Amino acid sequence: MFLFRRSQPRLGVDQARDRTSGDTSHAILLDVREKPEWNAGHAPGAVHAPLSSLVAGAHLPAEASGRPLVVICRSGHRSQQAAKLLTQRGQQAVDVKGGMNAWAAAGHPVLDERGNHGRIA
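This text gives an overview of the structure that appears in the document. All of these numbers come straight from a predicted model, not from anything done at the bench.

**Brief notes about the side chain of H108**
When you line up the elements, H108 lands in the segment after helix 5 (99–105). Residue H108 is classed as buried on the basis of its relative accessible area, which comes to 6%. Here D14 takes part through its side chain, which lies 2.7 Å from a polar atom of the side chain of H108.

Here it is, written out as structure tokens:
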């Protein structure tokens, strides 16, 4: 089964969490917000790669390279851009509708840079 298709609609936060968490998960939750936003609060297990760096040509972090990607930002706008860019680069990528705002509103955990309860900035 192919996890992501180009015509696939955006994922909801529950779908994103299901695809990126647990022992059998092989997709990576890729957070494309900027460093201060990431430090304030991000999903446990997410990998950080700011959209600004990706647009400038940066490579994905090693743990995300070659893996299916579920891309998230604060509200969903930047993650759409990042998913499109990454798909053009040959990655399997889909974005999360509503971003980290929707993630937190759904009651999913958010951690700060120290591993404490975080907030969405």
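What follows picks up the thread again.
**A closer look at the pairing of strand 3 (residues 69–72)**
Burial along strand 3 is two-sided: the residues L69 and V71 and V70 and I72 are all buried. Where strand 1 (residues 28–31) lies against strand 3, four bridges are found, and the strand directions are parallel. Along strand 3, the bridge assignment pairs L30 with V71. Relative to strand 4 (residues 93–95), strand 3 is paired through three bridges, and the arrangement is parallel. Looking at the pairing, V71 lines up with D95 of strand 4. In terms of handedness, the path from strand 3 via helix 4 (residues 77–88) over to strand 4 forms a crossover that is right-handed.

**Thoughts on the sheet that holds strand 2 (residues 47–48)**
If you trace the four strands from one edge of the open sheet to the other, you get 2-1-3-4, paired in parallel fashion. In this open sheet, the two strands that pair with only one neighbour each are strand 2 and strand 4.

**Observations regarding the nonpolar core**
One finds L30, V32, L69, V71 and L86 to be the most contacted residues of the largest nonpolar core, which totals 17 residues. Put simply, the parts of the chain that give this core at least two residues each are strand 1, helix 3 (51–55), strand 3 and helix 4. Element by element, the count of residues in this core is highest for helix 4, at four residues. Ranked by size, the runner-up nonpolar core spans 15 residues in total, among them L11, A43, V96 and M100.

**Considerations on the environment of G76**
When you line up the elements, G76 lands in the loop between strand 3 and helix 4. Non-local contacts of G76, meaning those with residues more than four positions away in its chain, are made with R10, D95, V96, G98 and G99.

Conventions we followed
- Residues numbered from 1 in each chain as written.
- Predicted model: local features only at pLDDT ≥ 70, side-chain atom pairs only at ≥ 80, totals over all residues.
- Heavy atoms only, no water.
- Helix = DSSP H or I, 4+ residues; strand = E, 2+ residues; numbered from the N terminus.
- Buried < 20%, exposed > 50% of the residue type's maximum accessible area, 1.4 Å probe, protein only.
- Polar contact = N/O pair within 3.5 Å; in protein donor to acceptor, adjacent residues only side chain to side chain.
- Pairing = 2+ DSSP bridges.
- Right-handed = clockwise from strand over helix to strand, strands pointing away.
- Core = buried A, V, L, I, M, F, W, Y, C linked by side-chain atoms within 4.5 Å.
- Contact = heavy atoms within 4.5 Å.

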